[in-house]
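In case you want the letters, here they are:
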Amino acid sequence: MKVLKFGGSSVASPENIIKIKNIISAYDDDIIIVVSAFGGVTDDLITAGTLAENQDSSYKKILHKIEIRHLETIKSLIPIGGQSKVLSTVKGELNALETLLDGAFSIGEITPKLSDKIVSYGELLSSFIISEYFVISNLDCVYKDSRELIITTITNNRTTVNLEKTNANCFSYFKNSSHQIVVCPGFISRSADGEATTLGRGGSDYTAALYAATIDAKILEIWTDVSGMYTANPKLVKQAMPIAHISYEEAMELSHFGAKVLYPPTIQPVLSKGISIVIKNTFSPEDVGTLITKSTNEKGKTVRGISHIGNISLLSLEGPGMVGIPGISKQFFEVLSQANISVVLITQASSEHSICVGISADDVAKAVTVVNEAFTFQIDRGRIKKVVPENNLAIVALVGDNMKNHQGLSGKMFSTLGKNNVNIRVIAQGASERNISCVIDEKDVKKALNALHEEFFEENVKQLNLFVMGVGNVGAKFLNQIRQQKNYLKENLKLNLRVIGISNSRTMIFDEGGITLKTWEAALANGTKADKSEFFEKVNQLNFRNSIFVDNTASDAVASTYNNYLGNSISVVTCNKIACSSQYENYSELKELARTYNAPFLFETNVGAGLPIIDTLKHLIASGDKILKIQAVLSGSLNFVFNNFNDKTTFHDVVKQAQEEGYTEPDPKIDLSGVDVMRKILILARESGNQLEISDIKNDSFLPQESLDTDNNVDFFASIKKYETSFQDMYAKAANKDAKLKYVAQFENGQASVGLQEIPKGHDFYNLEGSDNIVLFYTERYPDQPMIIKGAGAGADVTASGIFADIIRIGNF
């Protein structure tokens, strides 16, 4: 014989009840069907009772709603010829319910006994209607009221099952039943004197478990709206997977910590009998579900699931008067117990100086009052501190039978949370080592669950969540590169890149599931008004693990927001040189924030676009080398200009070409004035360990002062056209020496300079073509023959690839 329980969501509509009929029609075994109230009806009954107690006549509207729902269900399931009997019975029960509510309204009170009677109608009505539907569908079915089988005892307002009488009743009835299917209401029972009682939270599951244990059922099947127990809450962790097989103990731990498909006491009646439980999905019955058995995890897996409890508060009892004093713990827990407050987590320092407990936030006000009252004597004498709660917390737990046999799991858990800036308030682990729990801020739960799930279950695929500001030339190329390489990164580098937010100067969009990169332009065109502050607030509010802010702008205002991102453990990748070339104090602060909050701050593209210049410099210094001198051509823009400028072209036309092809900044004066190169050599000097300001760098500008003084592109281009003769003279002077013009940056002995130089044949810079950059690092290990890095140093594609490379570096941290 088997026992099947169908929950509220499974019986929430006529269509769902038909699905149940189709499921049980395939069974050859004798089966007991336990059903809950139609989804939401129990809440409606509780609401109606509360309104009646408060003498609010709107309880009648709730009652009418309940009546309409049940009558419409009957009319949907039962043919007209068979409706009369069912409607008559149901209306009679609804009339009795109305009488109870009217009585509560008249006296303005609901006793626990009356409350039990009122809420019991949900299961009574649903089970009767479903059984009648099965009968009229030609199933061999009979209805049995659970109040005739399950007997309870009430002590101190707590209802417990009288197992001796209940077992005798169940054994006698089910042994002698001649029908294949018996439908019983869950949740409800009666006391020894015949009063209606209920079994509390998870009561329908408990009803089914009691029946299964009494008759030694082959299996207990719990049918719900999910395909079993999952490795994590699938509503919070999209990658969560069903667990095919789990032990009783693991199931109880996961259920205790928030796996809503099962309530821990449910397992108790079947645990001693060794009866297996299977969790199945009413809406996808072909899914395997989760099998719960006494046997341990045969595949040797360590962590089986990650779960959490929200709405937690911490209470800490601490003070010097606790040390070495017996009975303090006993008194503390007795006070909470007497106030009917359940403790869900306990931890105590070995110094005996403090005891910390986690309780439901709903009980915290009462707990603080009763504890402080109980310890008034010690508090007044300074022996114990007054209890002050910590609120807005949650418990996150790793669960698995085999965790005790593996070293390093706690370290792995806490390291993963730490990398994502999830602060751990309290840690607890039982002696069985089946559960490792910690208390964190409730706002970090989603990030914590996803980070832990990724670490323990997802085959080392790391998800990076990108928030991109600036989608012009470089930004658009960057998004296209991500789209092209997404599958490659996932398959080969185990990195899953998702773009969650995009902004330009006009609009911004967010999609928590990831923006579709094929259509991002159309989506952005219809986005909300762009606002840098709101963009940051949204990124921070989403609180995704492995979040990366990507700045593809040249905006000072955007650069000024980096501290906000880094200070909230959001990594920053930027091609914007302004932050790293700003005041040294700001540069240093950003680097310190990155270290403090474990949020990488990468800016490889600040110097040399996609060339690994900064990365190479960091490795030289990290390995113990010392930079003696840096010589470099760092402007792909200026190199392009002077490689294409000659006596057959005009300086104006070459600069215009460089701007149009994306080699210069939107304002080309930034490049031609040498400011851009100054920023780059400043960054290299700082990354070498030197404290320099941009004002310390000598700039021998080749531009006329009139050009430097312009404040818009039209005037700038007009001015350089005016001085064409002087530019031709510079070219001719170099050509006469068989030299080439290169804009060179140099750093040596703490001094930095930039300027146009005539480079003779044979020099490393002489044959530098197109928009290429070159850097010579003279170090203690490379004093005579420098380390040379050379390649394309400008252009949207290579800059975008440099940003991409920094993101991959973060993924590999």
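Everything that follows concerns the structure shown earlier in this document.
Residues numbered from 1 in each chain as written. Predicted model: local features only at pLDDT ≥ 70, side-chain atom pairs only at ≥ 80, totals over all residues. Heavy atoms only, no water.

Caption draft 1: Molecular detail of the overall build of the protein chain. Helix and strand content of the protein chain: 29 helices and 31 strands. Relative to the compact-globule value of 28 Å for 813 residues, the protein chain shows a C-alpha radius of gyration of 36 Å, a clear excess of over 25%. With the C-alpha coordinates aligned to their principal axes, the bounding extent of the protein chain is approximately 115 × 75 × 55 Å. Counting the 813 residues in the protein chain, one finds 52% classified as buried. Across the protein chain, contacts joining residues at least 24 apart in sequence account for 71% of those joining residues at least 6 apart. Accessible surface computed for the protein chain: about 35300 Å², of which carbon and sulfur atoms make up 47%. (Helix = DSSP H or I, 4+ residues; strand = E, 2+ residues; numbered from the N terminus. Rg over C-alpha atoms; globule rule 2.2 N^0.38 Å. Buried < 20%, exposed > 50% of the residue type's maximum accessible area, 1.4 Å probe, protein only. Contact = heavy atoms within 4.5 Å. Areas by Shrake-Rupley, 256 points an atom, 1.4 Å probe, with all protein chains shown as cover.)

Caption draft 2: Local environment of empty space enclosed by the protein. One pass over the full model with this rule turns up one cavity of 30 Å³ or more. Estimates place the volume of the largest cavity at around 50 Å³. Residue lining of the largest cavity: Lys-447, Val-539, Asn-540, Asn-543, Phe-544, Ser-547, Asn-568, Ser-569 and Ile-570, and that is the complete set. (1 Å grid on protein atoms, 1.4 Å probe; cavity = no way out; pocket = protein on both sides within 12 Å on 5 of 7 lines; lining within 4 Å. Points joined across faces, edges and corners; volume = space filled by probe spheres on them.)

Caption draft 3: Structural detail: the packing of aromatic side chains. Tallied over the entire structure, the rule returns 26 aromatic pairs. Aromatic side chains Tyr-173 and Phe-174 sit 5.3 Å apart centroid to centroid with 75° between the ring planes, which places their arrangement in the edge-to-face category. Through a chain of ring-to-ring contacts, the aromatic side chains of Phe-467, Phe-510, Phe-535, Phe-536, Phe-549, Tyr-562, Tyr-565, Phe-601 and Phe-603 assemble into a single cluster. Residue placement shows Arg-498 over the ring face of Phe-544; its charged tip is 5.4 Å from the ring centre. (Phe/Tyr/Trp six-rings, centres within 6.5 Å; stacked < 30°, edge-to-face > 60°. Lys NZ or Arg CZ within 6 Å of the ring centre and 35° of its normal.)

Caption draft 4: Main features of the pattern of salt bridges. For the structure on display, the rule yields 28 salt bridges. Taking the shortest distance from any N to any O, the salt bridge between Glu-687 and Lys-591 comes out at 3.0 Å. Here Glu-687 is found in helix α25 (residues 675-687), whereas its partner Lys-591 is found in helix α20 (residues 584-596), with 96 residues between them in sequence. Given the relative accessible area of 9%, Glu-687 is considered buried. In this structure, the salt-bridge partner of Lys-737 is Glu-758, at a minimum N-O distance of 2.8 Å. (Salt bridge = Lys/Arg side-chain N within 4 Å of Asp/Glu carboxyl O.)

Caption draft 5: Highlighting the sheet that holds strand β31 (residues 787-792). On the basis of which strands lie adjacent, the open sheet formed by six strands has the order β27-β29-β28-β26-β30-β31 and mixed pairing. Each edge of the open sheet carries a strand with a single partner, namely β27 (698-700) and β31. For this sheet, the mean angle separating the axes of adjacent strands, direction not counted, is 15°. In this structure, strand β26 (residues 627-633) lies alongside strand β30 (residues 772-779), joined through six bridges in antiparallel fashion. Its bridge partner lying in β30, Lys-629 is registered against Tyr-778. Taken strand by strand, helix α22 (residues 636-644) contacts β26, β28 (740-748), β29 (751-759) and β30, and its axis lies near 150° from that of β28. (Pairing = 2+ DSSP bridges. Axes fitted to C-alpha atoms, helices over the stretch in contact; angles between N-to-C directions.)

Caption draft 6: Spatial organisation of helix α15 (residues 473-493). At Gln-485, α15 shows its strongest bend, of approximately 55°. Here α15 has its buried residues at Val-474, Gly-475, Phe-478, Leu-479, Gln-481, Ile-482 and Leu-489. Taken together, the buried residues of α15 touch β19 (462-469), β20 (495-503), α16 (520-525), β23 (547-551) and α29 (796-811). Following α15 by one or two positions, Lys-494 adopts a phi angle in the positive range, close to 55°. (Bend = angle between axes of the 7 residues up to and from the residue.)

Caption draft 7: Focus on unusual backbone geometry. In this structure, Phe-187 is a non-glycine residue whose phi angle is positive, near 75°. Even without being a glycine, Lys-494 presents a positive backbone phi close to 55°. The residue Lys-494 is located in the loop between α15 and β20 in this model. A residue is classified by how much of its surface remains accessible, and Lys-494, at 34% relative accessible area, is partly exposed.

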